[in-house]
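Here is what each chain is made of, one letter per residue.
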Amino acid sequence: MKILMASSEVVPYIKTGGLGDVAGTLINEYRKTGTEASAILPLYKKIKKSARDFKLMSLGKEITVPLGNSLEKGSLWKGKTPEGADVYFIENRKFYDRDEIYSTSRGDYPDNASRFIFYSRGVLEALKALKLKPDIIHCNDWQTGLIPVYLKTLYKDEFPKTATLMTIHNLGYQGIFKQSEMPLTGLAPALFNINGLEFHGKINFLKAGILFADIINTVSGNYAKEILTSEYGFGLDEVLRKRRDYLYGIINGIDYSEWNPEEDNFIPAKYSKDDLSGKVICKKYLQKEHGLAVTNSPLIGMVTRLSSQKGLDIVADAMDMIIGSGVQMIILGKGDESLHRVFSGFQKKYRRNLSVTIGFDNELAHKIYAGSDIFLMPSRYEPCGLGQLIALRYSTIPVARKTGGLLDTIEEYNPSEGTGSGFLFTSYSYTELIKTVKRAKKFFNAKKHWLNLQKNAMSRNFSWPHSAKKYLSLYQKALSKNDR
């Protein structure tokens, strides 16, 4: 089986979140098992700056992509992941020679429709130029949503046997654009209707992918159920219900070669399930490094995007009472400017009990996972979540809202049976958040229970090989459906 991963982000080249991790890690997992897999993404400015480090080379091939009444040129580049998987890049300076991928602090780039129409159609033109015919194109999120449409329409004679899997990483991001952008796609105007690409008078790229892909999946079983409801469907629940027989959920994994407290060179002391003494050192180091009082009180960590989706609004509402309950917090993340100001203000107020770092720092992230006692994820919705998977690996006990992948991966602690790996709450409210933090604190003070929790957490396995096998099974389903 020949697999092509089409994604706007692929690690180690570029990422803004879990999308890049999934795309980059999966092709490497396939490579390890001898499955032929490659990836293709835009050649962003940030990647090109590191082209020498990544050992990228121009292939000397150009593609021409129709974009409405004009033609856009693209140049093809190639590199390899550290594990040896082929990665192709589409260069177009007008669209991708920018400091950011999708937006600036002022908002999304106004030509994002053109940028990703060019990319989606450019993927197929690149395959023609490279003389590649994959069995499966694994499409990821709205940026690739038009690829399944093109394969069933304009390119059906050139790729008659190529099937598609459409992965929804976050239904909240759909690629919605004005109707006036429809001619840029080159697709028949008849496709702009309620049973096609039309969405409340606009064009919706993700809806296109959902309707035309052979198989659809999202990144946890529970989220696959949630998005069929009006509460979590973001207006696409009816469309998804029509295709529910082709919708699956597969939990993301994490790379245990990167996230492993026994081998992590970013943390001040290594530790394991059988010897947790190093975690105590990691906590004291983190407290000292960030000006927190060195106490035995619970230390809550967050590595997150500062947004209401991630629950930061109810964290802000609860902050006074959380700190007042006798715990400390350390937060790393960036996002909404208004939340930057709110949490920076809290840090000034609680200087010895709260540390806030605006931005992202990979080394600090590792130290927070290792040095914290509790990891907080009170998300409004969470398709999968990687933070809780990493936290479990580092024996940092999750306190999370019962939604999406958080419900699939965290088991409520049962003190009478000694089972479970964290603490969950249902209602999206600061009062429920506070109650659950206090419940976790109660067990933190009961050292026998807490040690049991830590060992349970570190025993959970969310490595990628298991998820990769499930994706291979979905590819077979897509190929079977495409053959009918």
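Above this text sits the structure in question.
Quantities reported herein were computed from a predicted structural model and do not represent experimental measurements. (Residues numbered from 1 in each chain as written. Predicted model: local features only at pLDDT ≥ 70, side-chain atom pairs only at ≥ 80, totals over all residues. Heavy atoms only, no water.)

Helix and strand content of the protein: 18 helices and 20 strands. Judged by the C-alpha coordinates and their principal axes, the protein covers about 65 × 45 × 45 Å. Counting across all 484 residues of the protein, residues that qualify as buried make up 59%. A fraction of 71% describes how many contacts in the protein between residues 6 or more apart in sequence connect residues 24 or more apart. By element, 49% of the accessible surface of the protein is carried by carbon and sulfur atoms, the whole surface being about 20200 Å². In the protein, the 67 positive side-chain charges and the 51 negative ones have mean positions that sit 1 Å from each other. (Helix = DSSP H or I, 4+ residues; strand = E, 2+ residues; numbered from the N terminus. Buried < 20%, exposed > 50% of the residue type's maximum accessible area, 1.4 Å probe, protein only. Contact = heavy atoms within 4.5 Å. Areas by Shrake-Rupley, 256 points an atom, 1.4 Å probe, with all protein chains shown as cover. Lys, Arg positive; Asp, Glu negative; His and termini not counted. Charge placed at Lys NZ, Arg CZ, Asp CG, Glu CD.)

Running from N to C, helix H1 (residues 18–32) and helix H18 (residues 464–483) cross one another at 85°; their axes reach a closest spacing of 10 Å. Taken together, the axes of H1 and H18 lie roughly perpendicular to each other. Of H18, the residues touching H1 (which contributes Val-22, Thr-25, Leu-26, Glu-29 and Tyr-30) are Trp-464, Pro-465, Ala-468, Tyr-471, Leu-472 and Tyr-475. Taken together, the residues of the contact of H1 with H18 sort by class into nine nonpolar, one polar and one charged. (Axes fitted to C-alpha atoms, helices over the stretch in contact; angles between N-to-C directions. Parallel < 35°, antiparallel > 145°, perpendicular 65-115°, else oblique. Nonpolar A, V, L, I, M, F, W, Y, C, P; charged D, E, K, R; others polar.)

This brings us to the sheet that holds strand E2 (residues 36–42). Within the open sheet, the nine strands sit side by side as E3-E4-E5-E2-E1-E8-E9-E13-E14. Their pairing is mixed. On the outer flanks of this sheet lie strand E3 (57–67) and strand E14 (247–249), each paired with one strand and no other. Between one strand and the next, the sheet's axes are offset by a mean angle of 25°, whatever the strand orientation. In this structure, strand E4 (residues 70–80) lies alongside strand E5 (residues 86–91), joined through six bridges in antiparallel fashion. Each residue of the ladder has a partner; that of Trp-77, found in E5, is Phe-89. The sheet strands contacting H18 are strand E1 (2–6), strand E8 (136–140), strand E9 (163–168), strand E13 (215–218) and E14, and the helix crosses E9 at an angle near 135°. (Pairing = 2+ DSSP bridges.)

Before going further, it helps to examine the environment of Gly-333. Following the sequence through the fold, Gly-333 ends up in strand E16 (residues 328–335). For the pair formed by Gly-333 and Asn-445, sequence separation is 112 residues and the distance between their alpha carbons is 28 Å. Here Gly-333 is in contact with Thr-304, Leu-306, Thr-357, Ile-358 and Gly-359, once residues within four sequence places are set aside.

Here helix H17 (residues 447–459) contains 13 residues, and its C-alpha end-to-end distance of 18 Å stays within 8% of the 18 Å for a straight helix at 1.5 Å per residue. Those residues of H17 not exposed but buried are Trp-450, Leu-453, Gln-454, Ala-457 and Met-458. Taken down its axis, H17 places every buried residue within 125° of arc, on the same side. Residues of H17 that are buried sit in contact with helix H10 (277–289), strand E18 (374–377), helix H14 (387–393), strand E19 (397–401), strand E20 (423–425) and helix H16 (430–444). (Expected span 1.5 Å × (residues − 1). Arc of directions from axis to C-beta.)

Here three strands make up an open sheet; going across it, the order is E10-E12-E11 and the pairing antiparallel. Because the sheet does not close on itself, it has two edges, and the strands there are strand E10 (176–178) and strand E11 (198–199). One ladder, built from two bridges, connects E11 with strand E12 (residues 202–204); its direction is antiparallel. Paired with Phe-199 across the strands is Lys-202, a residue of E12.

Attention now goes to the nonpolar core. Core analysis: the largest hydrophobic core is formed by 169 residues, its most contacted members being Met-329 and Phe-343. Of the residues forming this core, the biggest block, 10 residues, is contributed by helix H5 (residues 112–130). For Met-329, the residues in contact, after removing those within four places along its chain, are Leu-292, Leu-299, Ile-300, Met-302, Val-315, Met-319, Ile-322, Ile-323, Asn-353, Leu-354, Ser-355 and Leu-376. (Core = buried A, V, L, I, M, F, W, Y, C linked by side-chain atoms within 4.5 Å.)

Here we take up the pattern of salt bridges. In the structure shown here, the tally under the stated rule is 22 salt bridges. Its salt-bridge partner being Glu-91, residue Arg-93 comes within 3.8 Å of it at the nearest N-O pair. When its relative accessible area of 60% is taken as the criterion, Arg-93 is described as exposed. On the basis of relative accessibility, which here comes to 12%, the residue Glu-91 falls in the buried class. One salt bridge in this structure joins Lys-367 and Glu-289, with 3.2 Å as the shortest N-O distance. On the criterion of sequence distance, the pair formed by Lys-367 in helix H13 (residues 362–371) and Glu-289 in helix H10 is long-range, its members being 78 residues apart. On the basis of relative accessibility, which here comes to 8%, the residue Lys-367 falls in the buried class. Shared partners join several salt bridges into a network, and the residues in it are Lys-48, Glu-91 and Arg-93. (Salt bridge = Lys/Arg side-chain N within 4 Å of Asp/Glu carboxyl O.)

This part covers the pairing of E4. Bridge count for E3 against E4 is nine bridges, and the pairing is antiparallel. Among the inter-strand pairings, Thr-64 is bridged to a residue of E4, identified as Lys-73. Two successive antiparallel strands, E3 and E4, enclose a turn made up of two residues, where Gly-68 displays a positive phi of approximately 65°. Count of turn residues in the E4/E5 antiparallel hairpin: five residues, of which Gly-84 carries a positive phi of about 100°.

Below, the discussion takes up the side chain of Asp-237. Along the chain, the position of Asp-237 falls in helix H9 (residues 237–242). For Asp-237, a relative accessible area of 11% translates into the label buried. Not counting the four nearest positions on each side in its chain, Asp-237 is found in contact with Ile-227, Leu-228, Thr-229 and Ser-230.

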